[in-house]
Amino acid sequence: MESILNLMKCRRTIRDFSDRPVSDRLLVKILEAASVAPSGAGIQGTHVLVLDDPALRKKVRQICERGERDWVESQPETVRDKILKLPGFFQLGNTWILF
């Protein structure tokens, strides 16, 4: 139990990535970890895309960001104002793109 707690304490978020390719073996391990990660209410509602084409990654990111903006704009003004104050909202929010 202590080792799990230590792992949880040293976890960090990475937002700056290199362009070095990831081996298929490591990618499988990453996807396995993602598939068993906890989720809100245990719904496991996360979708993961593995894209190795930079042009396709860019297009998917643009589509996701546009969808988030459209969703925010459709919310009542009081909700929209709170959402827009969240740091980095127009990044990818809850949309995960693994590359």
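What comes next concerns the included structure.

Parameters and conventions
Each chain has its residues counted from 1, running along the sequence as written. Under the rules for a predicted model, residues below a pLDDT of 70 receive no local features and side-chain atom pairs below 80 are neither given nor counted, while totals for whole chains, interfaces and linings still include all residues. Only heavy atoms go into the side-chain values, all of them from the structure, while hydrogens and water stay out. Whenever a carboxyl oxygen of Asp or Glu lies within 4 Å of a side-chain nitrogen of Lys or Arg, that contact is scored as a salt bridge. Secondary structure elements are taken from DSSP: a helix is a run of H or I of four residues or more, a strand is a run of E of two residues or more, and numbering for both begins at the N terminus. Relative accessibility decides the category of a residue: with a 1.4 Å probe and only protein chains considered, values under 20% of the type maximum give buried, values over 50% give exposed, and everything between is partly exposed. What makes two residues a contact is simply this: any of their non-hydrogen atoms within 4.5 Å. The term polar contact refers here to a pair of N or O atoms within 3.5 Å; inside protein, the definition further demands a hydrogen-donor-capable atom paired with an acceptor-capable atom, and it admits residues adjacent in sequence only when both atoms are side-chain atoms.

Under the criterion given, the structure shown has one salt bridge. Among the ionic pairs, Glu-65 bridges to Arg-61, the shortest N-O distance being 2.9 Å. Highlighted residues: Glu-65 and Arg-61, both in helix α3 (residues 54–73), separated by four residues, approximately one helical turn. Exposure remark for Glu-65: the relative accessible area of 15% places this residue in the buried category.

Bringing the environment of Gln-75 into the picture now. Locating Gln-75 in the fold gives a position in the loop between α3 and α4 (77–84). In this structure Gln-75 touches Arg-80 and Ile-83, once residues within four positions along its chain are discounted. Within polar-contact distance, the side chain of Gln-75 engages the side chain of Ser-74 at 3.2 Å.

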